[in-house]
Amino acid sequence: MNSAEQASHAEHVSAEVVVELESCATQDAHAVFSALRTAFASDRAADDVPEEMAGAGPTVWTSTIDVSEHKAEAEPRRLTAPVLVSLQGGYWAVDRLCKGLEPAFTVHILGMAAGDQEKEVELRLESR
């Protein structure tokens, strides 16, 4: 691949990662999304605090994170319990988001499913 092809390929690689949090405390969801907002652009506003929804079944919080620009390193965040996180996106984007979480949390990779263009990674986050 020549440099023009590489530049064209880079433009088509998605920098977005879909993040899902399920079955965790609202303050833990807020801590994770706040850490991500510190490091990267997010579709969740700073005042968008997760809220528990009434009804049967677990609450799932979702956000789309753009990892094309690393804004700042997130400070360590306190969690009340370990948080399970599902990430879905391009290989580079998911790997970059995982690295962006490391200053704020202890990150354990629980599993991964890989496809042609994207991968899904399951994480467990714990307080540092």
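For the structure, check the block above.
Everything numeric here is computed off the predicted structure, so don't read it as measured data.

(A) View of the environment of Ala93. Locating Ala93 in the fold gives a position in helix H3 (residues 91-101). Between the C-alpha atom of Ala93 and that of Ser68, which follows or precedes it by 25 residues, the distance is 7.8 Å.

(B) Quick peek at the environment of Tyr91. Along the chain, the position of Tyr91 falls in helix H3. Relative accessible area serves as the criterion here: at 31%, Tyr91 is assigned to the partly exposed category. Counting along the chain gives 24 residues from Tyr91 to Gly115, while the straight-line C-alpha distance between them is 9.3 Å. Once you skip the residues sitting within four places of it in the chain, Tyr91 turns out to touch Ala114, Gly115, Asp116, Gln117, Glu118 and Lys119.

(C) Quick peek at the pattern of salt bridges. Following the criterion strictly, the structure yields two salt bridges and no others. Between Lys119 and Asp95 there is a salt bridge, with the nearest N and O atoms lying 2.6 Å from each other. In this pair, Lys119 sits in strand E6 (residues 118-127) while Asp95 sits in helix H3, placing the two residues 24 residues apart along the sequence. On the accessibility criterion, Lys119 (9% relative accessible area) is buried. The closest approach of N and O atoms between Glu126 and Arg124, which form a salt bridge, is 3.0 Å. By relative accessible area, Glu126 is classed as partly exposed at 26%.

(D) Just the side chain of Arg44, in detail. Within the secondary structure, Arg44 sits in the loop between strand E2 (41-42) and strand E3 (60-66). In this structure the side chain of Arg44 is engaged in a polar contact, spanning 3.1 Å, whose partner is the backbone oxygen of Thr62. Once residues lying within four places of it in the same chain are set aside, the contact partners of Arg44 are Phe33, Arg37, Pro50, Trp61, Thr62 and Ser63.

(E) Quick look at helix H2 (residues 26-39). The end-to-end C-alpha distance of H2 is 20 Å, a good match for the 20 Å that 14 residues give at a rise of 1.5 Å each. Of all 14 residues in H2, 10 are buried; the element is thus mostly enclosed. Within H2 the residues assigned to the buried category are Asp28, Ala29, Ala31, Val32, Phe33, Ser34, Ala35, Leu36, Arg37 and Ala39.

(F) Expanded view of the nonpolar core. Counting residues in hydrophobic clusters, the biggest one holds 31 residues, and the most contacted among them are Val19, Leu21, Leu87, Leu97 and Leu125. Sorting the residues of this core by element identifies strand E1 (16-22), H2, E3, strand E4 (83-90), H3 and E6 as the ones contributing at least two each. For this core, the element with the most residues is H2, which contributes seven residues.

Thresholds applied
- Residues numbered from 1 in each chain as written.
- Predicted model: local features only at pLDDT ≥ 70, side-chain atom pairs only at ≥ 80, totals over all residues.
- Heavy atoms only, no water.
- Helix = DSSP H or I, 4+ residues; strand = E, 2+ residues; numbered from the N terminus.
- Buried < 20%, exposed > 50% of the residue type's maximum accessible area, 1.4 Å probe, protein only.
- Contact = heavy atoms within 4.5 Å.
- Salt bridge = Lys/Arg side-chain N within 4 Å of Asp/Glu carboxyl O.
- Polar contact = N/O pair within 3.5 Å; in protein donor to acceptor, adjacent residues only side chain to side chain.
- Expected span 1.5 Å × (residues − 1).
- Core = buried A, V, L, I, M, F, W, Y, C linked by side-chain atoms within 4.5 Å.

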